Amino acid sequence: MTTTTTYPVQPLLSARRRWTVLAVCCLSMFLVGMDTTIVNVGLPAIGRGLSVGIHGLEWTVDAYTIVLASLLISSGALADRFGRRRVFQSGLMVFGAASMVCAVTPSVGALIAARAVQGVGASMLSPVALAIVVDAMPDPRERAQAIGVWASVFGLSMAVGPVTGGALVAGFGWRSLFWINAPVVVIALVLSAVFVPESRGSRTRRLDVLGQLLLTVVIGACVGVLIEGPRIGWASPAVLAGYGVAAMATVGFLSVESRHPEPLMDPGLFRNPLFNSAVLGAVAVFVALNVTLLLNTLYLQHARGVTPLAAGVATLPMAVGATVCAPWSGRLVGRTGPRPPLVLAGGFIIAGALCLVGIDRHTSVALLLFAYLLIGIGFGFANAPITNTAVSGLPPARAGVAGAITSTARQLGAALGIALAGGLVAHADPAGLAQASRPGWLLVASCGLLLLLTAHASRSRK
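Everything quoted here is computed from the prediction, not taken from an experiment. Within every chain, residues take consecutive numbers counted from 1 along the sequence as written. Selection of residues for local features in this predicted model requires a pLDDT of at least 70, selection of side-chain atom pairs for listing and counting requires 80 or more, and totals for whole chains, interfaces and linings are taken over all residues. Hydrogens and water molecules were not included; the side-chain quantities draw on all heavy atoms of the structure.

Caption draft 1: Molecular detail of the overall build of the protein. Numbering of helices and strands runs from the N terminus, with a helix taken as a DSSP run of H or I at least four residues long and a strand as a DSSP run of E at least two residues long. Scanning the protein from terminus to terminus reveals 19 helices and 2 strands. Each residue is placed in one exposure class: buried if its accessible area under a 1.4 Å probe, protein chains only, is under 20% of its type's maximum, exposed if it is over 50%, and partly exposed if it falls in between. Across the 462 residues in the protein, those meeting the buried criterion constitute 58%. Throughout, a contact is declared for two residues whenever any of their heavy atoms are within 4.5 Å. Taking as baseline every contact in the protein between residues at least 6 positions apart, the subset at least 24 positions apart corresponds to 86%. Working definition of accessibility: Shrake-Rupley area with a 1.4 Å probe, residue cover restricted to the visible protein chains. Summing over all exposed atoms, the protein offers an accessible surface of approximately 17000 Å²; the carbon and sulfur share of this is 69%.

Here you go:
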């Protein structure tokens, strides 16, 4: 049963206040993005510190992304019901507390568990903050520009994350990668209390608890099979059981969602080709990004023996490309629609990936940096049209759910990218790691091709 509740209409905020709200909310995106990139560049140091190999490091990353991807939609619905600012601040506190536990954890098992709790907190940040921004900016053109700024923040976090992570590992050890979250959380809590108005969706929705549990099982089983398969064998009893669990949970999820009066993920939304292509595009972009980041970290630090700081600096061209092109993409979406930036995104990602399909231990640094620049430009052009399309595909009252679906697709792509890239190089020694990573660059190019198909879908629906 659906309960409709009427809340007082929020007055239109001044332009300065609207953009201040955007800045505060972008801080949460920065926090989530920086946490991913900081941890990524520090994985070899974590592995040495806790005596764990690539397999355990994959779980260190994907414990965070699996939980994050699973809970985003429910977090968006909770925010629409109980108040977006309230849920946003709760997420900051959970994320900050879990970060402190990560910083003092004595074992890889405890680190993986704490990273999962971090994912719970992060699930209450990104989609909820996006819903706050959408609510504060009712004008479509201004909203498109704001989403471009929003997307550029992730590029900025990419720039700050790897370089800061490398410097922190070199100067203070890998545990400082998590201590650094504390001041950002405190600043975001104070600013949100002062500047961010409370807002809710006009409709309150019942939580789809069974659908939420089944979605978590589906994502966890699929990613778990990809991580464990290369280690224990694709035909081992445990992996075969994983296939079965994933299949049954998927069937159960589709059955529950088709009959639930207010499903976690409305199957009817995916009958819209434009919305469907936007979600698939979001998965593809983050598969490409996370394959690139993980292969860069392992290739440079294991195969070529560079320092964590140097590995972080190597990502700067990618980060600069993303940061510069994301706001440009937002302006293009506002003027011309999503197709032109999606075409640019797919083309640049394909070009960058193809530069590295023949990578070896002696590939020139100039070629590496050029390829990362191209991929970063593609990533920068991709986020605004995908996010804007997904948000525009649902009614404004469902802004929290709209942002959550987009973010779920991104984090699912992140989890899949880490699992796939890790599986390619899990058993490679330093001498063979470059060659083992070559299929990963073909995968990145395939993701770029999928973005071109997404652009075609957006044209066909105009």
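Caption draft 2: A look at the environment of Pro-273. In this fold, Pro-273 is placed in helix H12 (residues 273–303). Separated by 181 residues in the primary sequence, Pro-273 and Thr-454 place their C-alpha atoms 9.5 Å from one another.

Caption draft 3: Examining the environment of Ser-28 more closely. With respect to the helices, strands and loops of the structure, Ser-28 is situated in helix H1 (residues 15–41). Judged by its relative accessible area of 0%, Ser-28 falls in the buried class. C-alpha separation for the pair Ser-28 and Gly-91, spaced 63 residues apart in sequence, amounts to 9.6 Å. Not counting residues up to four positions away in its chain, the partners in contact with Ser-28 are Phe-88, Leu-125 and Ala-129.

Caption draft 4: Highlighting unusual backbone geometry. Look at Ser-51: it is not a glycine, yet its phi comes out positive at around 55 degrees. Considering the arrangement of structural elements, one finds Ser-51 in the loop between helix H2 (43–50) and helix H3 (54–82).

Caption draft 5: View of H1. Between its first and last C-alpha, H1 extends 38 Å over 27 residues, near the 39 Å set by a 1.5 Å rise per residue. Where burial is concerned, most of H1 is hidden: 21 out of the 27 residues are buried. Multiply 1.5 Å by the residue count of a helix minus one, and that product is the helix's expected span.

Caption draft 6: Quick look at the packing of H3 against helix H4 (residues 84–104). Between the N-to-C directions of two axes lies an angle of 0 to 180 degrees, each axis being a line fitted to C-alpha atoms and, for a helix, fitted only over the stretch in contact. Closest axis-to-axis distance for the H3/H4 pair is 8 Å, and the angle between their directions is 150 degrees. As far as their axial angle goes, H4 and H3 are roughly antiparallel. The two elements H3 and H4 meet at a crossing, and its hand is right-handed. Listed contacts from H4 to Tyr-64, Ser-75, Leu-78, Ala-79, Asp-80 and Phe-82 of H3 are Arg-84, Arg-86, Val-87 and Phe-95. Each residue is assigned to one class: nonpolar for Ala, Val, Leu, Ile, Met, Phe, Trp, Tyr, Cys and Pro, charged for Asp, Glu, Lys and Arg, and polar for all the others, Gly among them. Of the residues contributing to the contact of H3 with H4, the split by class is 6 nonpolar, 1 polar and 3 charged. Oblique is the label for any angle not under 35 degrees, not over 145, and not in the 65 to 115 range, which are roughly parallel, roughly antiparallel and roughly perpendicular in turn. Helix crossings are classified by the rotation of the near helix relative to the far one: an anticlockwise turn of less than a right angle makes the crossing left-handed, while a clockwise turn makes it right-handed.

Caption draft 7: Layout of helix H6 (residues 126–136). Burial analysis of H6 places 10 of its 11 residues in the buried class, the great majority of the element. Along H6, the residues classified as buried are Ser-126, Pro-127, Val-128, Ala-129, Leu-130, Ala-131, Ile-132, Val-133, Val-134 and Ala-136.

Caption draft 8: Fine view of the packing of aromatic side chains. What counts as a ring pair is set by centres within 6.5 Å for rings of Phe, Tyr and Trp (its six-membered ring), and what kind of pair is set by the plane angle: stacked under 30 degrees, edge-to-face over 60, tilted for all other angles. Applying the stated rule across the entire model yields 4 aromatic pairs. With 5.5 Å between their ring centres and 70 degrees between their planes, Phe-286 and Phe-379 make a pair best called edge-to-face. Here the residue Phe-286 occupies a position in helix H12, and Phe-379 occupies one in helix H16 (residues 365–392), the gap between them amounting to 93 residues. Judged on exposure class, the residue Phe-286 and its partner Phe-379 are both buried. When the ring of Phe-348 is compared with that of Phe-381, the centres are 6.4 Å apart and the planes differ by 15 degrees; the resulting orientation is stacked. Taken together, the positions of Phe-348 in helix H15 (residues 339–354) and Phe-381 in helix H16 put the pair 33 residues apart, joining distant regions of the chain.

Caption draft 9: A look at the packing of H1 against H2. Close contact between H1 and H2 brings their axes to 4 Å; oriented N to C, the two are set at 60 degrees. Relative to H2, the element H1 is oriented oblique. Where H1 abuts H2, its residues Val-39, Asn-40 and Val-41 lie against Leu-43, Pro-44 and Ile-46. Residue classes in the contact of H1 with H2 are distributed as 5 nonpolar, 1 polar and no charged.

Caption draft 10: Highlighting a nonpolar patch on the surface. Within this analysis, patches are made of residues with over 30% relative accessible area and no salt bridge. Like charges are joined at 9 Å or less; nonpolar side chains (Val, Leu, Ile, Met, Phe, Trp, Tyr) at 5 Å or less. Salt bridges are identified by distance alone: a Lys or Arg side-chain nitrogen within 4 Å of an Asp or Glu carboxyl oxygen. A contiguous nonpolar surface patch, about 360 Å² in accessible area, is contributed by Leu-309, Val-313, Leu-316, Val-320 and Val-324. Counting only elements with at least two residues in the nonpolar patch, the list comes to helix H13 (308–314) and helix H14 (316–336). Ranked by the residues each element gives to the nonpolar patch, the list is headed by H14, at 3 residues. Inspection of the secondary structure assignment puts Val-320 in helix H14.

Caption draft 11: Structural detail: the environment of Cys-102. With respect to the helices and strands, the residue Cys-102 is situated in helix H4. With residues near it in sequence (within four places) discarded, Cys-102 still touches Leu-111, Ala-114, Arg-115, Gln-118, Trp-174, Arg-175 and Phe-178.

Caption draft 12: Region of the structure containing the confidence of the model for the protein. A residue's pLDDT is the predictor's confidence in that residue, given on a scale from 0 to 100. Summary statistics for the protein give a mean pLDDT of 83 and a share of 90% for residues scoring 70 or more. For the protein, strand E1 (residues 3–4) is the element with the lowest average pLDDT, namely 42, and H15 is the one with the highest, namely 94. Of the regions scoring below 50 in pLDDT, residues 1–9 engages in 14 contacts with residues more than four places distant in sequence or in other chains.

Caption draft 13: Examining the side chain of Gln-411 more closely. In this structure, Gln-411 sits in helix H17 (residues 399–425). Ignoring sequence-local partners within four residues, the contact set of Gln-411 consists of Thr-65, Leu-68, Ala-69 and Leu-72.

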